[in-house]
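# A structural walkthrough
Now for the letters of each chain:
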Amino acid sequence: MKSQYRVVVIGGGVVGTSVLYHLAKLGWTDVCLLERSVLTAGSSWHAAGGIHALNADPNMAALQAYTIDLLSEIEEESGQNIGLHMTGGLTMAGTPDRWEWLQSAYRVFQSIGIEDCELVTPEEAQRRCPIMSTDGLLGGMWADREGYVDTTGTVHAYATAAKKRGASYFEHTKVEALNQTADGWEVVTDKGTITCEHVVNAAGLWAKQVGRMAGIELPLSPLKHHYLISDTIPQLEELDFEVPMTVDLEGFTYLRQDQKGVLLGIYEVEHEHWAMDGAPWNYGMELFQEQTDRIEHELICGFERYPALQDVGVKTWVNGAFTFSPDGNPLVGPVPGKRGYWSACAVMAGFLQGGGVGKSLAEWMIEGEPEADVFCMDVARYGKFAENQRYIRETTGQFYSRRFVMTYPNEQLPAGRPLKMAPAHDAMTAAGCKWGNSWDLEVPLYFAPEGFEETPTLKRSNAFDIVGEECKAIREGVGMLDITGFSRYEVSGPNAESWLNKIMASKLPGPSRARLAPMLSPEGRLKGDLTILNWGDGTYWIMGSYYLRAWHMRWFDDHMEDGVTVRDLGEEMCGFGLAGPKSKAVIEKLAEQEISDLPFMGCRDVDIGPLRAKVARMSVTGELGYEINVRYGDHIALRRLLLEAGASEGIRECGFNAMLSTRIEKSFGIWSAEFTQLYTAAQTGMDRWIDWDKGNFIGRAAALKEKEGNGPSQILVTLQIEDGDSDASGYEPIWNGDDRVGFVTSGAYGYTVGASLAMAMVDREFAAEGSDLMVHVVGQPRQAKVVAASPYDPKGQAMRG
């Protein structure tokens, strides 16, 4: 072991060895892995080792597909047998809603290029898994690329392949401390101290302690997980094939063959945390006593689904710990505020996702960003609020218990809520507000009559008409929306303007003006769809999506220069937005300064009654509108003032559901849908805001190359979809005959234009206005037509007043 490496990876499980392998594969061979015990001594050795390409998150599904492709490669490269059994897999549905969801999910998988799956009847499923009872089942989905691996063999294959490429790993080497230096990190071990530029926390069950060594509190916790291995089942001895991986969603169980018996795994509704501050250092190859009383209900479901289990014994019980994040996805990437410290933790399905995690982290470290859009597992998707132990306990427990429970797109889950609330929260609740969640903040969805409860559904809910009335108020009168859920960053200092010119691709707004601003990565992909406001006093604001606060601040900090200060105002500023033809009449009653001459996309300081406010004339609804920003302490007073001044104008409080409907009528994209770090400005139409003449900026060369080339193969369009009882939501496939030519990025009902609308990425040859296409919505085919952008008010006369 040397005293200096470029990268030190901590943890010898499947994730750590995958990171080591991918770093070496990309050319960084001055890297080592440290394992306090032996490889696999943690969760890896006792994992069930299941693999499947399907995931509700399409980006995660793509990374899982990569992992599956990689497995046979590392087996060949290492010479280590990984025990790969590609049996195929079944996912079964036992309720009408679940069967409908599975049919919809099948179409989503087609959208992301997973072609080797099909819907099957219960009878066909039983033919493929003869030991399964079909009682209560309505249908299932078959996937070719499912199976399982030998977990110990797979870890050693990653490690051996990494070593062959020049990397090193050392067992029985315990990390005892981490010290940040000017050039990187000191890794203090029981065998000596190593200096390095980068350190990777892939410590699994010990990730909490390894994080705390660097002053980091990672939002994760181990939970106990059961599976059993049965004795030999005579029915399996008679088969000349292995039964497939089978998931019974209503029974909370998964099953695979194990020799001539089966492994039956359980996601217990009555979850149990363990060692929330991290596993003991001397733990590793142990298991817990099985807790059959706690899993009785799921066991009964499993033994009823697979009756052959009732006639044989249990050979082995496994009750071991796995680490989970609040949403079940990994925590990967550079930790904000800790340069050179990387997270590769909470990879609950390590043998399924470990390859994709290792690839993405290695690309990120070496090339500056990963090839895939990995926000779904980016450690910066959480902020300081997620360090709270109760929050971690509630959210990780909720995810675990709901692992196989169906969650509807309009369903609001309670764990870890409420945390942050805007000051007027209680008053808005009394007025009927129904709340959603964005990052740590409660955000308004809509305002309903007393006693109203929304029904979870895949289709239009019983809140449909309520949202429609709010949209009508916005279009015909004046709607008021709490905009606390927008992010705000203050940029100041003598070099603020030059820094913004470098980091943003757009022209900067002049004094007292605002401008839309794409932000690009060096590779020309989007890093933000932002708005810059120039307050005319040398300070600027950047406004964007609230839930990206830590993610964007990490980007700003990573590109910081002398003479510039960027401050997150998320704990200081909030406000309300007015939208609608009567919004000007409301604000004029309160403004102490002249407001009528404030132009579209203008901004200035204004006295609103007794309150000092920063006001911008803009609205994402596409109407005449104003965003009124005040201190947190002024939020309650601002709401009262606006409601009183707007009473004679019929002002109505609205929520984000109405905003999402009105914005799609204007073909306005949003982040995580139309705009992601996977897309370029040219794909999304954001290139119209690029200032090509201002000199160099981050991403200019790549964006210019795209501009001067043939352009992107897919571009963003607006679709009008044949009406029904549901609307597109995202990732539904778009077809021209039998050819898949695109996918939906987001959708909603346009109440003003009276049509179901969607925005979509479509192959250029089918993107022309008038193109007739077909899209699946909740699994059902609907006719669709490409329409001109902005179905409502295409000339923008309303918002310009």
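Treat the numbers as computed from the prediction; the structure is a model and nothing was measured.

### Comments concerning the overall build of the protein
Along the protein, the regular secondary structure elements total 20 helices and 37 strands. Its C-alpha atoms put the protein at 80 × 60 × 55 Å along the principal axes. With 801 residues in all, the protein has 61% of them scored as buried. Counting contacts in the protein only where the partners sit at least 6 residues apart, residues at least 24 apart contribute 72% of the total. Of the accessible surface of the protein, which amounts to about 29,600 Å², a share of 48% is contributed by carbon and sulfur atoms.

### Quick word on the packing of aromatic side chains
Taken as a whole, this structure holds 26 aromatic pairs when the rule is applied. Judged by centre distance (6.3 Å) and plane angle (85°), the rings of Phe-486 and Phe-656 are edge-to-face. Taken together, the positions of Phe-486 in strand E22 (residues 486-492) and Phe-656 in helix H17 (residues 656-665) put the pair 170 residues apart, joining distant regions of the chain. There is no split in this pair, since Phe-486 and Phe-656 are both buried. Among the aromatic residues, those joined into a cluster by ring pairs are Tyr-254, Tyr-267, Phe-324, Phe-399, Tyr-400 and Phe-404. The ring of Trp-101 has Arg-98 sitting right over it, with the charged end atom 5.9 Å from the ring centre.

### Overview of the sheet that holds strand E21 (residues 479-482)
Spatially, the six strands line up as an open sheet ordered E28-E29-E30-E27-E21-E31, and their pairing is mixed. Each having just a single partner strand, strand E28 (603-608) and strand E31 (652-654) make up the two edges of the open sheet. Sheet twist, expressed as the average angle between the axes of neighbouring strands with direction ignored, equals 30°. In the packing of helix H12 (residues 464-476) onto the sheet, contacts are made with E21, strand E27 (573-579) and E31, and the angle to E31 comes to roughly 120°. Against the sheet, helix H15 (residues 583-590) contacts E27, E28, strand E29 (611-616) and strand E30 (625-631), and its axis sits at roughly 35° relative to E30.

### Describing the nonpolar core
Core analysis: the largest hydrophobic core is formed by 77 residues, its most contacted members being Leu-23 and Val-200. Excluding residues within four positions of it along the chain, Val-200 makes contact with Val-7, Val-8, Val-9, Ile-10, Val-19, Trp-342, Ala-344, Leu-361 and Met-365.

### Focus on unusual backbone geometry
Between Arg-417 and the following residue, Pro-418, the backbone shows a cis peptide bond with an omega angle of -10°. With a phi close to 65°, Ser-512 is a non-glycine residue in the positive phi region. Structurally, Ser-512 is set in the loop between helix H13 (496-503) and strand E23 (513-520).

### Digging into helix H1 (residues 14-25)
Taking 1.5 Å as the rise per residue, H1 with twelve residues should run 16 Å; its terminal C-alpha atoms sit 16 Å apart, in good agreement. With eleven of twelve residues buried, H1 is to be regarded as a mostly interior element. Val-14, Val-15, Gly-16, Thr-17, Ser-18, Val-19, Leu-20, Tyr-21, His-22, Leu-23 and Ala-24 are the residues of H1 that are buried. Phi turns positive one or two residues past the end of H1, at Gly-27, with a value near 110°.

### A word on the side chain of Lys-420
Within the secondary structure, Lys-420 sits in the loop between helix H10 (389-401) and helix H11 (425-430). With relative accessibility at 12%, the residue Lys-420 sits in the buried group. A polar atom in the side chain of Lys-420 sits 2.6 Å from the backbone oxygen of Gly-570. Engagement of the side chain of Lys-420 in a polar contact is seen with the side chain of Glu-571, the distance being 3.3 Å. Discounting residues that sit within four places of it in the chain, Lys-420 has contacts with Asp-440, Leu-441, Glu-442, Tyr-546, Arg-549, Gly-570, Glu-571 and Tyr-632.

### With respect to the pairing of strand E6 (residues 139-143)
Counting buried positions over the five residues of E6 gives five, a clear majority of the element. In E6, alternate side chains face the same way, and those of Gly-139, Met-141 and Ala-143 on one face and Gly-140 and Trp-142 on the other are all buried. Where strand E4 (residues 89-93) and E6 come together, five bridges link them in antiparallel fashion. Across the sheet, the residue bridging to Ala-93 is Gly-139, located in E6. Pairing between strand E5 (residues 117-120) and E6: four bridges, direction antiparallel.

### A look at the packing of H1 against helix H5 (residues 151-164)
Two packed helices can be described by the angle between their axes and the distance between those axes. The N-to-C vectors of H1 and H5 enclose an angle of 25°; their axes lie 8 Å apart at closest approach. Taken as axis vectors, H1 and H5 run roughly parallel relative to one another. Relative to H5, H1 is oriented so that their crossing is left-handed. Across the interface between the two elements, Val-14, Thr-17, Ser-18, Leu-20, Tyr-21 and Ala-24 of H1 pack against Val-155, Tyr-158, Ala-159, Ala-161 and Ala-162 of H5. Partitioning the contact of H1 with H5 into residue classes produces nine nonpolar, two polar and no charged.

### A look at the side chain of Thr-67
Take Thr-67: it is sitting in helix H2 (residues 58-78). Among the polar contacts listed, one links the side chain of Thr-67 to the backbone oxygen of Leu-352, at a separation of 3.1 Å. Reaching out from Thr-67, the side chain makes a polar contact with the backbone nitrogen of Gly-355 at a distance of 3.3 Å. Residues within four places of Thr-67 in sequence aside, it is in contact with Tyr-158, Phe-351, Leu-352, Gln-353, Gly-354, Gly-355 and Gly-356.

### Concerning H2
Helix length check: H2 (21 residues) gives 30 Å between terminal C-alpha atoms against 30 Å at 1.5 Å per residue, within 8%. A maximum bend of about 30° is found in H2 at Leu-70. In the stretch just after H2, Gly-79 is the one whose phi turns positive, near 75°.

### What to know about the sheet that holds strand E32 (residues 714-721)
Strand order in this closed barrel of six strands is E32-E35-E34-E33-E36-E37, and the pairing throughout is antiparallel. Across the sheet, the mean angle separating the axes of adjacent strands is 40° when strand polarity is ignored. As paired elements, E32 and strand E35 (residues 755-763) share eight bridges and run antiparallel to each other. The residue of E35 that forms the bridge with Gln-720 is Leu-757.

Conventions and cut-offs
- Residues numbered from 1 in each chain as written.
- Predicted model: local features only at pLDDT ≥ 70, side-chain atom pairs only at ≥ 80, totals over all residues.
- Heavy atoms only, no water.
- Helix = DSSP H or I, 4+ residues; strand = E, 2+ residues; numbered from the N terminus.
- Buried < 20%, exposed > 50% of the residue type's maximum accessible area, 1.4 Å probe, protein only.
- Contact = heavy atoms within 4.5 Å.
- Areas by Shrake-Rupley, 256 points an atom, 1.4 Å probe, with all protein chains shown as cover.
- Phe/Tyr/Trp six-rings, centres within 6.5 Å; stacked < 30°, edge-to-face > 60°.
- Lys NZ or Arg CZ within 6 Å of the ring centre and 35° of its normal.
- Pairing = 2+ DSSP bridges.
- Axes fitted to C-alpha atoms, helices over the stretch in contact; angles between N-to-C directions.
- Core = buried A, V, L, I, M, F, W, Y, C linked by side-chain atoms within 4.5 Å.
- Expected span 1.5 Å × (residues − 1).
- Polar contact = N/O pair within 3.5 Å; in protein donor to acceptor, adjacent residues only side chain to side chain.
- Parallel < 35°, antiparallel > 145°, perpendicular 65-115°, else oblique.
- Left-handed = near helix turned anticlockwise from the far one by under 90°.
- Nonpolar A, V, L, I, M, F, W, Y, C, P; charged D, E, K, R; others polar.
- Bend = angle between axes of the 7 residues up to and from the residue.

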